[in-house]
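Residues per chain, in single letters:
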Amino acid sequence: MRNLSLLQRFKCVDLSFPGTPQCFSIRSETGTVLVASELAITEFDPRTQEVHKEVSLTAEDYLPEDGSGVVVAIQDLPDQESVCVATGSGDVILYNLNTSQLECVGSVESGLTGMTWSPDQELVTLTTGQETIIMMTKDFEPITEVAINQDDFGEGKFITVGWGKKETQFHGSEGKQAAHSHTLSQEVQPALPWDDRKPRITWRGDGQFFAVSTVCPQTGARKVRIWNRECVLQATSEVVNGLEQPLCWRPSGSLIASTQRHPNKHSVVFMEKNGLLHGDFNLPFGKEQVKVDLLCICYVQRSEIQVMVHEKLMIFQLWAVGNYHWYLKQSLHFGSEPLRAPACVCWDPEKPLRLHLLTRGWVSYTYDWGWSTDRSHGTDCHDNANVAVIDGDKILLTTFRQCVIPPPMCAFELQLPVPVNLVTFRSQAQRTNELAALTADGHIYCLFFLNSWCWSFLRSDVPVDGFVISLCHSLGNGTVALQLDDGQIRKLSLTEWKDSTGNIINFPRPCVQTALCTLSGEEHLIGLTERSHLYIGDSLVASNISSFVVYDDFLLLTTHSHMCHCLNLSTLSIKGLQSALSSDAHQNDETVRKVERGSRIVSVVPQDTRLILQMPRGNLETIHHQALVLAQLRKWLDGLRFKDAFECMRKLRINLNLIYDHNPTVFLANIEVFLKQIDSINYINLFLTELKEEDTTTTMYPCPSRSASSSVSGKGGKKVDIICDALRSTMETLDPQKYCLCILTSHVRKTTSELEIALQKVHELRGDGSSSVSAEEALKYLLFLVNVNELYEHSLGTYDFDLVLMVAEKSQKDPKEYLPFLNMLKTLEPNYQRYTIDKHLKRYRKALHHLSKCGEEHFTELLNLVKDQRLYSDALELYSLNSEQYKTLSVAYAEHLVEQQQAEQAGLLLWRCGENARALQAFVSCTSWRNALAVATHIPLPPEQLALLARDLAEKLLEARRHKQAALCLEQYAKVHCMFHSHHCFQDCCLLCRAHACVNQTSFLESQKALFIRHKNRLAVVQELKAKARLELFDEDGPDCADAELYSEASSVLTGSHLGSKYSRSNSRISSRSSKNRRKAEGKKHSLKEGSPFEDIALLNALTQIITIVDKMRVHSLLKALVLFQFDGAASSLQRDYGELLQLMETALPEIWTDNLQQGQTPLTGPNSTANSIMASFQQQRPAVPQQDTEALTAPKMRIAVKWKLSILK
């Protein structure tokens, strides 16, 4: 869906050359034109009108001086630096461009009627007056000579296998009577009267075949014969009445083009290599113009444009093909004077879309064409994303906002009286659907779809020094940019385009497509050359771009590597664009996606997610580029347009978690708006079922410009639970009957499914006749969400047998499977019934709770359950401390701990439940000598046994090389007798001291935790402020001191006048003081006062001190004492708080002491380092800092391997 736009035109009118032009050729090296007339050969530059060479053909009698001679062809030969000329008299002349000498390399007595060189210029074919073909090498050595008109069809003759006769085939409009007619063969008509009867030769692009069109002497009709490179006939065309002399083989090699005259129409026909017709299209001429002669047909090298020159009508036409339809893109009229009629035309061999034309009156035209997609430039929802395609006197208009119609069809067809050469859309807000068309007769038609309207023009003549080849306008700020033919960029005021630093910016090469954009807050001009180079100003961004378009803040491009990029210009610089286009795409990179080979951008629908691409064959494809989709979704979510966002995400399979993850706080605050906009039970259920704990804004759909505030969850807790609870609360407030199924979904989708609650709500619906959803429908829906067996088990866990039967009936279970079990359960006592159900469902903790209520007769069963499932701690909570069951469970628990090699904790349990002898045995086995002596005094043991126990313990300690412990054990034994008589008083004192110690330790941990968090948060703020200050300092050309470049991000030291000047000025005074005063000054230097220069070092020291103190706390012994004196609740709380604080500190260590902080001490070396990185690390080392500061930059070591927890505590 592209049009041909004229970039520039050069016209030479003052050419006074001898004779009249007969043929010409283009020199590929210099771009000059070689023209042959009946008198001379002339070389001139079409841009400067300068004549380079001129040589006479009559001086050496190659042509007669009376002007009756004919030059049939001229060809530039770059390899030989010569020009080959063939005359009608039969001479083949070689003109040396260096010596300007003429040489006749061959002559044919019968004369020459044509000469054509192969594309590789290795062979030359000549047609003679005797209707023969002579093939020679490039050195003019004859290869062969054959007759043109041969009776044989050629080597590619069709083979008939006898499958039916022509009489039995379908004859179309001729009817059935044609089968009985004896004259089935088509009557051959002779060539048209105005046919010049001269042969035409054309080569295929690869040089393997050539075709010759001649008039057959037997029938008088034109035929086309195809020959191979060895001049062997391959095929002869079928009979085509009215076939004319123009002939051209498409360079791509697919078809041969010629023209055919019908009684009431004139058409271009195409032939295959085997001579059969293959398609045609009609030329736009009336009946009175049908007898007009067509001078020639020629293709551009890429086979995409066909040129037709009508000599008598003086019309020059450019046709392009797309999706098997030929479009008339340009129609140029040269007036009615005979001297202005086109004499010869050809494409430039180097510049793809440059066309050269020469008239009979020696006027030279050079046209530079470029492909352009004429689309509307609106950015609001009023723009219809219009694209206009020129097709002769019609404008094919497609509005992609409403529909996507593949060409050559369209949404609207605008008929004009004459062919259209240029179309453009209005660049004004709210009026971008209006268009204007420039026709071939010079008139401008202003159109608004199918209605004509009046457009008032404001004419302003601004002289420009140069040729303007493109112009673009920005709707945002009204900037108009011009591009000259040499790549210079001008604004409408003709001022030079300059960047922010005042440098003049120009394109290195002329660009065929330009657009204005804003990049990092600065306006730039983007250009794409015909060689696929993309420039932003004078910077080359990429060299493989096939098309681009600027939409809003996005730059969309397609590349020759079959990728489509969508880049956000507001977040990228020029270097960022270069890097994005040169690097490979990551897995979740939303800016890149693959497209079909050869795809080009047609249009982007404003305020939508659709991107229209056209394939090489002409068909259209609509894609939704993920970057456009996500950008539009973020706009909708920011504007609380949840319905539009939801429908788009559902249609394009975007994860619905993005609705919440984009901004959790806003979503939770507008849940009621979300529900009212969606207003669909199915959609709400779909949203709930897709919820997961993953944050899609950091994994699936990362946004580079995402703010920190939008990524923080609105509340603490798990994401799925937060959303389900918030939605359920709002739905129950709005209309619980309407949202019944959604409420059930919110229960099921929680992290820990609340199936029992959901089933209970379903059961409540049985007796509620006013509900819009029946219990059966709700249960059927639950079965869709949850496996039927799982739902059956959860219904059994509600202990409601009616609900169990209701679920079982909906399942595929056999009643023989569940009815006996249910009947058995109904016969049991309620608590034992629930115990049986919970045990069946493997909910052992609930089963234990119900079994404890069944009486002492079931205690043995309870004890077995506890031992099997190891539920000792849960069982101990169900009985009082002085009960016999508690003692039995404690003994069982102690036995289990001994098996687990935790004898000390087993001894504590046995001691506190009164099993002193077994406790002593447990303590002795693990060499817990303090507890063993204490238990021994509590039994009490006789003095002899006590002495023996102390010696045994000391020996075990010595064997374990715990000499100090052994000495203390023996010393303790000497004091045992003194303590024995006051044991009960000692026990009461210990009980009181441990209780106070637990309270003090808990409050101390809370204070240390609060202080740690406060210092950690303050450190982050200080580091951020100093980083900003450092950047601002360097932006101001750095500090005043010579060592300012040594200021690193790991240090707060600055010797300049901007920071820390107070301390640097006072160094001389401090050095003269006493050591006490110096220590005092050093303490003030590392002050925690906010705003002090070395606050970050002080905070690091404080954090190190807190971590060291907390890590070295002796919590283990305190926990054992609390357990011994039955303070289980306080011990569990203390163990939990201490563990959380240690985990907090361990997690915060890499956040506080980062790699940058520790690498600042030494240069960065290693296998991954380079010479530049090592030198940079040396240069960025900070100045020498005191030892205290150095220690603060190193993370403290924590005793992670120390086992301090008690397994008997929850």
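Not measured: the values here are computed from a predicted model.

Engineer: So what exactly am I meant to see when it comes to the nonpolar core here?
Structural biologist: Considering soluble globular proteins, one finds that nonpolar side chains tend to be buried as a cluster. With 48 residues, the main nonpolar core has Leu 862, Leu 889, Leu 933 and Leu 953 as its most contacted residues. Top element by residues in this core is helix 19 (residues 884-899). It accounts for seven residues. Counting 36 residues, the second-largest nonpolar core is a separate cluster that includes Leu 656, Ile 659, Ile 684 and Ile 723.

Engineer: It is not clear to me how the pairing of strand 30 (residues 386-391) should be interpreted in this structure. Could you clarify?
Structural biologist: Look at any regular strand and the pattern is simple: side chains alternate between the two faces of the sheet. In terms of residue burial, strand 30 counts as a mostly covered element, since six of its six residues are buried. Because side chains alternate across strand 30, one face comprises the buried residues Asn 386, Ala 388 and Ile 390, and the other comprises Val 387, Val 389 and Asp 391, equally buried. Note that strand 29 (residues 374-375) and strand 30 share two bridges and pair antiparallel. Pairing of Asp 374 across the sheet is with Ala 388, part of strand 30. Relative to strand 31 (residues 394-399), strand 30 runs antiparallel, the two sharing six bridges. Bridge pairing in strand 31 links Val 389 to Leu 396. Counting the residues between successive antiparallel strands, the hairpin from strand 30 to strand 31 contains two residues, one of them, Gly 392, with a positive phi of roughly 70°.

Engineer: What is the right way to read helix 16 (residues 844-851) from this model?
Structural biologist: Because an α-helix completes one turn every 3.6 residues, residues spaced three or four positions apart along the sequence face the same direction. Within the span of helix 16, buried status applies to Ala 847, Leu 848, His 850 and Leu 851. In an axial view of helix 16, the angular spread of the buried residues amounts to 165°, which keeps them on one side of the axis. Where helix 16 is buried, its residues touch helix 15 (830-840), helix 17 (859-869) and helix 18 (872-876).

Engineer: Looking at this structure, I do not really get helix 13 (residues 801-810). What am I missing?
Structural biologist: Phe 801, Leu 803, Val 804, Met 806, Val 807 and Ala 808 are the residues of helix 13 that are buried. The inward-facing, buried residues of helix 13 contact helix 10 (755-764), helix 11 (775-785), helix 12 (788-796), helix 14 (815-826) and helix 15.

Engineer: What am I meant to see in the side chain of Arg 261 here?
Structural biologist: Within the fold, Arg 261 resides in strand 19 (residues 256-261). Engagement of the side chain of Arg 261 in a polar contact is seen with the side chain of His 266, the distance being 3.2 Å.

Engineer: So what exactly am I meant to see when it comes to the sheet that holds strand 49 (residues 611-614) here?
Structural biologist: Pairing between the strands of a sheet comes from backbone hydrogen bonds, and it takes one of two forms, parallel or antiparallel. Spatially, three strands are ordered 48-49-50 in an open sheet, and the strand pairing comes out antiparallel. For this open sheet the edge positions go to strand 48 (600-604) and strand 50 (620-623), each flanked by a neighbour on one side alone. Between one strand axis and the next, the sheet turns through 30° on average, direction left out of account. Inspection of the sheet shows strand 49 paired to strand 50 by four bridges, in the antiparallel sense. Directly across from Gln 614, in strand 50, lies its bridge partner Leu 620.

Engineer: It is not clear to me how unusual backbone geometry should be interpreted in this structure. Could you clarify?
Structural biologist: Note on backbone geometry: most residues besides glycine have negative phi, and most peptide bonds are trans. Cis geometry is adopted by the peptide bond preceding Pro 408, which originates at Pro 407 and carries an omega value of 10°. Considering the arrangement of structural elements, one finds Pro 408 in the loop between strand 31 and strand 32 (412-415). For Gln 49, which is not glycine, the phi dihedral falls at a positive 65°. Mapped onto the fold, Gln 49 is located in the loop between strand 4 (40-44) and strand 5 (51-56). We classify Gln 49 as partly exposed; its relative accessible area is 31%.

Engineer: Would you explain the confidence of the model for the protein chain in this entry?
Structural biologist: Caution applies to low-pLDDT regions: their predicted coordinates should not be interpreted in detail. Of all residues in the protein chain, 80% attain a pLDDT of 70 or more, and the chain-wide mean is 78. Within the protein chain, no element has a lower average pLDDT than strand 36 (residues 451-452), which sits at 38, and none a higher one than helix 4 (residues 658-661), at 93.

Engineer: Is there a simple way to think about a nonpolar patch on the surface in this case?
Structural biologist: On the surface, a cluster of nonpolar side chains totalling about 240 Å² of accessible area is made up of Leu 422, Leu 438 and Ile 444. Take Leu 422: its relative accessible area is 39%, and that puts it in the partly exposed class.

Engineer: How should the sheet that holds strand 19 be read in this particular structure?
Structural biologist: Strand order in the open sheet formed by four strands is 18-19-20-21, and the pairing between neighbours is antiparallel. Edge positions in the sheet fall to strand 18 (243-249) and strand 21 (277-282), since each of these pairs with one other strand and no more. For this sheet the average axis-to-axis angle between neighbouring strands, irrespective of direction, equals 25°. Sheet topology note: the strand 19/strand 20 (residues 266-271) ladder contains six bridges and is antiparallel. Of the residues in strand 20, the one forming a bridge with Gln 260 is Ser 267.

Engineer: Just to check I follow, could you spell out the pattern of salt bridges for this structure?
Structural biologist: It is possible for side chains of opposite charge to pair when their charged atoms get near one another. Tallying each qualifying case throughout the model produces 29 salt bridges. Note that Glu 29 and Arg 27 form a salt bridge whose closest N and O atoms lie 3.8 Å from each other. On the accessibility criterion, Arg 27 (13% relative accessible area) is buried. Between Arg 229 and Asp 120 there is a salt bridge, with its nearest N and O atoms 2.8 Å apart.

Engineer: Looking at this structure, I do not really get the packing of aromatic side chains. What am I missing?
Structural biologist: The geometry of two aromatic rings is summed up by the distance between their centres and the angle between their planes. Inspection of every chain in the model, using the stated rule, returns 23 aromatic pairs. With a centroid separation of 6.1 Å and 35° between ring planes, the pair formed by Phe 270 and Phe 281 is classed as tilted. Of this pair, Phe 270 sits in strand 20 while Phe 281 sits in strand 21, and the two are 11 residues apart along the sequence. A single burial state applies to Phe 270 and to Phe 281, both of which are buried. Between the aromatic rings of Phe 667 and Phe 674, the centroid separation amounts to 5.2 Å while the plane-to-plane angle is 65°, which identifies the pairing as edge-to-face. Through pairs of rings, three or more aromatic residues link up here, namely Phe 316, Phe 334, Tyr 365, Tyr 367 and Trp 369.

Rules used throughout
Residues numbered from 1 in each chain as written. Predicted model: local features only at pLDDT ≥ 70, side-chain atom pairs only at ≥ 80, totals over all residues. Heavy atoms only, no water. Core = buried A, V, L, I, M, F, W, Y, C linked by side-chain atoms within 4.5 Å. Buried < 20%, exposed > 50% of the residue type's maximum accessible area, 1.4 Å probe, protein only. Helix = DSSP H or I, 4+ residues; strand = E, 2+ residues; numbered from the N terminus. Pairing = 2+ DSSP bridges. Arc of directions from axis to C-beta. Contact = heavy atoms within 4.5 Å. Polar contact = N/O pair within 3.5 Å; in protein donor to acceptor, adjacent residues only side chain to side chain. Axes fitted to C-alpha atoms, helices over the stretch in contact; angles between N-to-C directions. pLDDT = per-residue confidence, 0-100. Patch = residues over 30% accessible without salt bridge, like charges linked within 9 Å, V, L, I, M, F, W, Y side chains within 5 Å. Areas by Shrake-Rupley, 256 points an atom, 1.4 Å probe, with all protein chains shown as cover. Salt bridge = Lys/Arg side-chain N within 4 Å of Asp/Glu carboxyl O. Phe/Tyr/Trp six-rings, centres within 6.5 Å; stacked < 30°, edge-to-face > 60°.

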